[in-house]
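The lines below spell out each chain.
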Amino acid sequence: MKVGILGQGASGIFLALMLKYEDESIDVTIIDKNANPGRKLLATGNGRCNLGNKVIEDNSYNCEEAKAIVEEFDVTKQVELLENIGLLTREIGNLIYPYSLSAKSFVDYLVEYAKQRKIKFVNNESLLNYEMFGDKVKVVTSKKNFSFDKFVIASGNGSYPQLGGSTSVLSLLTKKGYHVIDSKPGLCPIRVEENVRTVENQRVKCNVSLIIDKKTVYEENGEVLFKKDGLSGIAIFNASSILARSPKFKKAIIRLDLFPEKSTDELYKELTALNVISQKSLLTGMFTKEIAEFLRKSSGMKNLYIFTPSEIRKLALYLKNIEFTYKESYGFNDSQVSIGGIKFSDVDENLESKTEKNVFFIGEVLDADGLCGGYNIMFAIASAYRAHKKVLN
């Protein structure tokens, strides 16, 4: 049997390995428009390749279908799979990484292992079309034609176009009658209405709350990085995905609590004491000069040094509730995952097309996305597992 896979990312490569593990005689070809396999994998986890997460929460994925697929082939089973092919992992908190903590080493090993199993890698070829001929699938690329018994589309979505991300395959699938949710950037920085240019490249540890139309929909402790026109950091990335999943809203607020471990009253008492001790603005004893001056001005403090009791009260309340108004998300160039894709209603429980026999969809091409923390690679591998048994039959 000949199986063609479009896409040399995590879902495509792991599907190929699963198929070969079950039946070494299967002829597997993976096609990709990039020059090298696994390009997007190289960028994950800041180059350390965050593979998974031991904790799955309600909002870890955008839909129950994606969550159920991952829960079926969870992180424990995925770690076992990796060990079976010689890739050891390590835990850092709830996160799973390659033992090498190197995405490059991980990808290099994965590709070499696949080639040793006689999996064929065809690069620098873009999909132009595919057509059904009886039970066969004729695939037309920019360079040649292929004929497969089964064809699996694992081409990803629009995020990271500099690494090969594209919505071109989804456009083709739309023409073929599939129901495709328009792609939006997720896990990316956001632009805000307020002027934050003076604190560009500064960082603060805080609690981040996302309020959509006056309702708090997400909270996370983390680090926020100020950009010249907005906010960045893992908590902000997660907020951007939740915003993209919620297209119909009037107003969104990102609220920062710079002292989540203290109540407003506790912070007021501490600031009052520090106000007596400090010979300069007490804020510079807690933050960088740039952040301190930004907080002083934006909180309405007029004095440069000693504050009045009423100002201290106002400052304490402000530091617990700094609000930024959402303007828009950054684009696909700064996006780690795409929100949108093929609706699960167009595929069966094995991720085979309901309208085209022997055509399957796995990974990010589906309308499935996860938050930061290894969730998207987990879905890529789990969706490959879900499909591989049916592909074999």
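Bear in mind the structure is a predicted one, so any value in this text is a computation, not a measurement.

Scanning the protein from terminus to terminus reveals 10 helices and 19 strands. Counting across all 393 residues of the protein, residues that qualify as buried make up 53%. Considering only residue pairs separated by 6 or more positions, the protein has 73% of its internal contacts joining residues 24 or more positions apart. Separation of charge centres in the protein, based on 53 positive and 49 negative side chains, amounts to 4 Å.

Before going further, it helps to examine the sheet that holds strand β5 (residues 95-98). Taken in spatial order, the 3 strands make up an open sheet running β3-β5-β4, and their pairing is antiparallel. Only two strands of the sheet have a single partner each, and these edge strands are β3 (52-53) and β4 (89-92). When β3 meets β5, the two strands line up antiparallel, connected through 2 bridges. Across the sheet, residue Gly52 finds its bridge partner in β5, namely Ile96.

Where burial is concerned, the two faces of strand β8 (residues 136-141) differ: the one with Val137, Val139 and Thr141 is buried and the one with Lys136, Lys138 and Val140 is not. Of the strand pairs in this sheet, strand β7 (residues 127-133) and β8 are connected by 6 bridges, and their pairing is antiparallel. Bridging across to β8, Phe133 finds its partner in Lys136. Hairpin geometry of β7 and β8 is characterised by an intervening segment of 2 residues between the two adjacent antiparallel strands and by a positive phi of about 65° at Gly134. With 4 bridges joining them, β8 and strand β9 (residues 145-148) adopt antiparallel strand pairing.

Most of strand β16 (residues 252-257) sits out of view: 5 of its 6 residues are buried. Note: strand β13 (residues 203-212) against β16, 6 bridges, orientation antiparallel. Each residue of the ladder has a partner; that of Ile211, found in β16, is Ile253. Inspection of the sheet shows β16 paired to strand β17 (residues 322-329) by 4 bridges, in the antiparallel sense. Within β17, the residue paired with Ile253 across the bridge is Thr325.

Turning our eyes to something else, we now look at the packing of helix α1 (residues 10-22) against helix α4 (residues 103-116). At their nearest, the axes of α1 and α4 sit 10 Å apart, and the two run at 40° to each other. Overall, the two elements α1 and α4 adopt an arrangement that is oblique. Our pair here, α1 against α4, has a crossing hand that is left-handed. Contacts between α1 and α4 involve Ile13, Phe14 and Leu17 from the former and Phe106, Leu110, Val111, Tyr113 and Ala114 from the latter. Of the residues that constitute the contact of α1 with α4, the class distribution is 8 nonpolar, no polar and no charged.

If you look at the biggest cluster of nonpolar residues, it comprises 121 residues, and the most contacted ones within it are Phe14, Tyr130 and Phe361. At 10 residues, helix α10 (residues 375-392) tops the list of elements feeding residues into this core. Phe361 has contacts with Tyr130, Ile153, Leu173, Tyr178, Ile342, Val347, Leu351, Ser353 and Leu366, leaving out every residue within four places of it along the chain. Ranked by size, the runner-up nonpolar core spans 6 residues in total, among them Phe237, Ala244, Ile339 and Cys372.

Moving on, we get to the packing of aromatic side chains. Two aromatic rings are characterised by how far apart their centres lie and by the angle between their planes. Taken as a whole and judged by the stated rule, the model has 11 aromatic pairs. A ring pair is formed by Tyr178 and Phe361, whose centres lie 5.1 Å apart and whose planes are at 75°; its orientation type is edge-to-face. One end of the pair, Tyr178, is in the loop between α5 (168-175) and β11 (180-186); the other, Phe361, is in strand β19 (residues 359-361), and 183 residues separate them in sequence. Seen in terms of ring centroids, Phe249 and Tyr326 are 6.0 Å apart; in terms of plane orientation they differ by 55°. Their pairing is tilted. Here the residue Phe249 occupies a position in the loop between α6 (234-245) and β16, and Tyr326 occupies one in strand β17, the gap between them amounting to 77 residues. By way of ring pairs, the aromatic residues Tyr130, Phe146, Phe148 and Phe151 are connected into one cluster. The ring centre of Tyr97 lies 4.7 Å from the NZ or CZ of Arg48, which sits over that ring.

So, on to the sheet that holds strand β1 (residues 2-6). A sheet is described by the order of its strands in space; here 5 strands give the open sequence β6-β2-β1-β10-β19, paired in parallel fashion. For this open sheet the edge positions go to β6 (120-122) and β19, each flanked by a neighbour on one side alone. Recorded for the sheet is a direction-independent mean angle of 20° between the axes of neighbouring strands. Two strands pair when backbone bridges link them, and strand β2 (residues 27-31) and β6 are joined in this way by 3 bridges, in the parallel orientation. The partner of Ile30 across the bridge, within β6, is Phe121.

Once that is clear, we can look at the pattern of salt bridges. Following the criterion strictly, the structure yields 21 salt bridges and no others. Here Arg191 ties to Asp229 by a salt bridge, and the two come within 2.8 Å at their closest N and O atoms. Of this pair, Arg191 sits in strand β12 (residues 190-192) while Asp229 sits in the loop between β14 (215-226) and β15 (230-232), placing them 38 residues apart in sequence. A relative accessible area of 22% places Asp229 in the partly exposed class. Residues Lys390 and Glu352 are paired through a salt bridge, measuring 2.5 Å at the closest nitrogen-oxygen approach. With Lys390 in helix α10 and Glu352 in the loop between β18 (337-342) and β19, this pair connects stretches of sequence that are 38 residues apart.

What counts and what doesn't
- Residues numbered from 1 in each chain as written.
- Predicted model: local features only at pLDDT ≥ 70, side-chain atom pairs only at ≥ 80, totals over all residues.
- Heavy atoms only, no water.
- Helix = DSSP H or I, 4+ residues; strand = E, 2+ residues; numbered from the N terminus.
- Buried < 20%, exposed > 50% of the residue type's maximum accessible area, 1.4 Å probe, protein only.
- Contact = heavy atoms within 4.5 Å.
- Lys, Arg positive; Asp, Glu negative; His and termini not counted.
- Charge placed at Lys NZ, Arg CZ, Asp CG, Glu CD.
- Pairing = 2+ DSSP bridges.
- Axes fitted to C-alpha atoms, helices over the stretch in contact; angles between N-to-C directions.
- Parallel < 35°, antiparallel > 145°, perpendicular 65-115°, else oblique.
- Left-handed = near helix turned anticlockwise from the far one by under 90°.
- Nonpolar A, V, L, I, M, F, W, Y, C, P; charged D, E, K, R; others polar.
- Core = buried A, V, L, I, M, F, W, Y, C linked by side-chain atoms within 4.5 Å.
- Phe/Tyr/Trp six-rings, centres within 6.5 Å; stacked < 30°, edge-to-face > 60°.
- Lys NZ or Arg CZ within 6 Å of the ring centre and 35° of its normal.
- Salt bridge = Lys/Arg side-chain N within 4 Å of Asp/Glu carboxyl O.

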